[in-house]
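Observations on the three-dimensional arrangement
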Amino acid sequence: MKKTIRNLFLVVIAVAAAACGRPSRPSTIGTTPEVERRVDRLLAQMTLAEKIGQMNQVSAGGAVSNYAESVRSGQVGSILNEVDPVRINEFQRIAVEESRLGIPLLVGRDVIHGFHTVFPIPLGLAASFDPALVEEGARIAALEATAQGVRWTFSPMLDIARDPRWGRIAEGSGEDTWLDARMGEAMVRGYQGTQWDTTAMAACIKHFVGYGAAEGGRDYNSTFLTERQLRNIYLPPFEAAVKAGALTLMTSFNDNDGVPSTGNKFVVKDILRGEWGFDGLVVTDWNSMGEMISHGYGADRREVALQAVRAGVDMDMMTFGFISHLEELVHSGAVREADIDAAVRNILRVKVLLGLFEHPYVDVAAAGAVQYAPEHLDAARRTAEESAVLLKNDGVLPLDASRVRTILVTGPLADAPHDQLGTWAFDGQKEHTVTPLAALRERFPGRVVYVPGLENSRQKRERFDDVVAAARRADVVLAFLGEEAILSGEAHSLADLNLKGSQSELLAALKAAGKPVVATVMAGRPLTIERDLPNCGALLYAFHPGTMGGPALANLIFGDVVPSGKTPVSFLRTVGQAPLYYNHNMTGRPYQGEMLLDDIGPEAGQTSLGNTSYYLDYGAYPLFPFGYGLSYTSFAYSDLALDKASYARDGVVRASFTLSNTGSREGTEVVQAYVRDLVGSITRPVKELKHFERVSLKPGESRQLTVEIPVADLAFWGADGTKKVEPGDFQLWIAGDSASGEPVSFRVE
Ligand code: BGC
């Protein structure tokens, strides 16, 4: 019944849209005929200059006077980088009360993993495999940011990242398309909320598209993705987020196969608008229109403005290309005014939906009350707990507080309140951060000895006598290592992914002191930590965990909370393996075991090395596969069975299995289902994640579970350039990571 009413509603919208000359398809952002009428009425009153003004976004720069006159004269549609509620109100007052048509501004900001209360970086959020929790965090970010007048965030970043050298791997959900899509939808729902009230913050899915495939992991570099790779790997998270109702989208900096995204009509107009029917707003990345000149794709600002508008871009972030040239381009006939109208409609539609016309101002007095609210800090702590991944444990964890009297805390990240916030923490204040040192001191007064060993992650030191002496006197050593916030994120790519400075030497010295050593790595990417594993009894990996990282890590180390995070990206043994990801295509030489360099005897010349796809010196596998993570308990999978041997293309694969908690602690397992399509019209990935869920079990408890995978989810873009499920044989694994388990087989008819 509900569905019928919804369908009826969509038909009404479609008919109304057709009547206004727009394509007769359902809105992806939930506009209504009434919203459209409002937009049209406004548009009818606008001069060409005022329309182009809406397409201009400027960075506020901390003073209203910088842009007061431009806002008053209708030359600005949106500002970014202003978070002071007083100044935002002043900007809005000028827009609403002093500009001719009183159109409010859309105020944008990079609220990426929290506003004031900072959550783990998105790579950490993904490690939780918990979309509901991620949605809750995004909602909290929206509550805090909108209270200060920010109604648009440039998040979520949906770039698939298969190369940890790329600094921006920190900002996304890692290497997997399915996980990325689920996280993206969750963030869109969280930011935008379920109703258009004053806490709704427009999401901006970015960077469209392929940006994470930057050559060599060097930020801003070229990508060479085929249409099929785009459609099978890079586009699905965007499509999912569009379906989830994302109001806006940002084009990317990279050129793909020679075409910069901001001038790429094929991806913006043909796919995003044409195929997916997106009727939200498309903004450029910061000066990405201007950068098309540096790319050598356009000669000057006029030319790149023309390329961007023709590609289907609605708003220019900081190139000033539209505001400077569009009017003339329309007068000269190079751009049709109808195209300008379409862009302005996309912008106004978002402003109307957000209720900016009714509520342009924020209550300055109330803005402070929601920041760092106790329930926000609590959610940030829970999220940091769920996003930490236990990579090694020889039994030292969890620590028993009653048996460790003196605790040595050491390492450059033990008390780095700014750095544990991670890469995009514009508004998180380090004064509110609780570091591991602070949390441990509070929990164990008088029992914590702090000897940092290294002042920062890059410091080099020959000897660690002071730390080693302290380690000898302690019962346990907690070493907090990793990389500062500044070493990951935009423009911060690295060619060497080992722990920097003398951190590995510090860990080795601590191990030699003979006391149990627990290493915690806080970083923006999966570092190459293989050489460090022998030097610690346990290793906990916390992608920069945010404001409440300290208490979260203390809770994990002392066993109040059992680790449940899983790696959202493969951990490499050495950087030379990059890119290495679990869902690579099947090669003609499937890997069958290896002979490594060390195995080669004197007759190496005659020895067959297996002739498969691997490295002689590092083999074929990563250090830790995608989806991996330990717990303080253990889980066993058994009795995997399918309800049928073959399925119709519109069917649902139902797999039942038993999950048992075989250890002595209650714990949560991230159950993962992977599928392989054995024969396709193109070569297919060895495995693809198609489902995951978190399941909590008591010690000794077993539960029969059923995973349902719609056969439609097995569709892909094949040789004929269409997306469909190809009939044939498949395998299905249900396991605790991407490298475990035995498959069952099924057919699709
Ligand atoms: C980044 C975007 C960001 C924008 C606005 C750019 O440099 O690539 O991700 O949203 O700046 O700050």
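Right above here is the structure, for reference.
The paragraphs below set out a description of the structure included in this document.

Definitions and limits used
- Residues numbered from 1 in each chain as written.
- Predicted model: local features only at pLDDT ≥ 70, side-chain atom pairs only at ≥ 80, totals over all residues.
- Heavy atoms only, no water.
- Helix = DSSP H or I, 4+ residues; strand = E, 2+ residues; numbered from the N terminus.
- Rg over C-alpha atoms; globule rule 2.2 N^0.38 Å.
- Buried < 20%, exposed > 50% of the residue type's maximum accessible area, 1.4 Å probe, protein only.
- Contact = heavy atoms within 4.5 Å.
- Pairing = 2+ DSSP bridges.
- Phe/Tyr/Trp six-rings, centres within 6.5 Å; stacked < 30°, edge-to-face > 60°.
- Lys NZ or Arg CZ within 6 Å of the ring centre and 35° of its normal.
- Near = heavy atom within 4 Å.
- Polar contact = N/O pair within 3.5 Å; in protein donor to acceptor, adjacent residues only side chain to side chain.
- Areas by Shrake-Rupley, 256 points an atom, 1.4 Å probe, with all protein chains shown as cover.
- Nonpolar A, V, L, I, M, F, W, Y, C, P; charged D, E, K, R; others polar.
- 1 Å grid on protein atoms, 1.4 Å probe; cavity = no way out; pocket = protein on both sides within 12 Å on 5 of 7 lines; lining within 4 Å.
- Points joined across faces, edges and corners; volume = space filled by probe spheres on them.

1. Some remarks on the overall build of the protein
If you tally the helices and strands in the protein, you get 21 helices and 26 strands. Compactness check: the protein gives a C-alpha radius of gyration of 27 Å against a globular reference of 27 Å for 749 residues, within 12% of the reference. If you line up the protein on its principal axes, its C-alpha atoms span 75 × 65 × 55 Å. Sorting the 749 residues of the protein into buried and exposed places 60% on the buried side. Of the contacts made within the protein by residues no fewer than 6 positions apart, 77% connect residues no fewer than 24 positions apart.

2. Observations concerning the sheet that holds strand 26 (residues 744–748)
Strands sit in the order 18-26-25-20-21 across an open sheet of five strands; the sheet is mixed. Sheet topology places strand 18 (646–647) and strand 21 (688–697) at the edges, where each strand pairs with a single neighbour. Sheet topology note: the strand 20 (residues 667–677)/strand 21 ladder contains nine bridges and is antiparallel. Looking at strand 21, one finds that Thr-668 is bridged to Ser-696.

3. Things to note about the packing of aromatic side chains
Enumeration according to the criterion identifies 20 aromatic pairs in this entry. When the centroid spacing of 5.5 Å and the interplanar angle of 75 degrees are considered together, the rings of Tyr-582 and Tyr-674 count as edge-to-face. Pair noted here: Tyr-582 is in the loop between helix 21 (549–557) and strand 17 (635–642) and Tyr-674 is in strand 20, with a separation of 92 residues, a long-range link. With respect to class, Tyr-582 is no different from Tyr-674; both count as buried. An aromatic cluster of at least three residues, connected via ring pairs, comprises Phe-129, Tyr-582, Phe-626, Tyr-674 and Phe-692. Directly above the aromatic system of Trp-717 lies the positively charged group of Arg-231, at a separation of 4.2 Å from the ring centroid. The ring of Phe-716 has Arg-684 lying over it, and the distance from NZ or CZ to the ring centre is 3.6 Å.

4. Section: the site of the ligand
Neighbouring the ligand are the residues Leu-80, Asp-110, Phe-154, Arg-168, Lys-206, His-207, Met-250, Phe-253, Asp-285, Trp-286, Met-317 and Glu-490. One nitrogen or oxygen atom from the side chain of Glu-490 is found 2.9 Å from an oxygen atom belonging to the ligand. Surface burial for the ligand is 93%, taken as the share of its 310 Å² of free accessible area covered by protein chains. For the shell around the ligand, the class distribution of residues is six nonpolar, one polar and five charged.

5. Description of the layout of surface pockets
Put simply, the largest pocket is a space of about 970 Å³. A class-by-class count of the residues in the lining of the largest pocket yields 18 nonpolar, nine polar and three charged.

Honestly, that's just the spatial picture; any functional story needs more than this.
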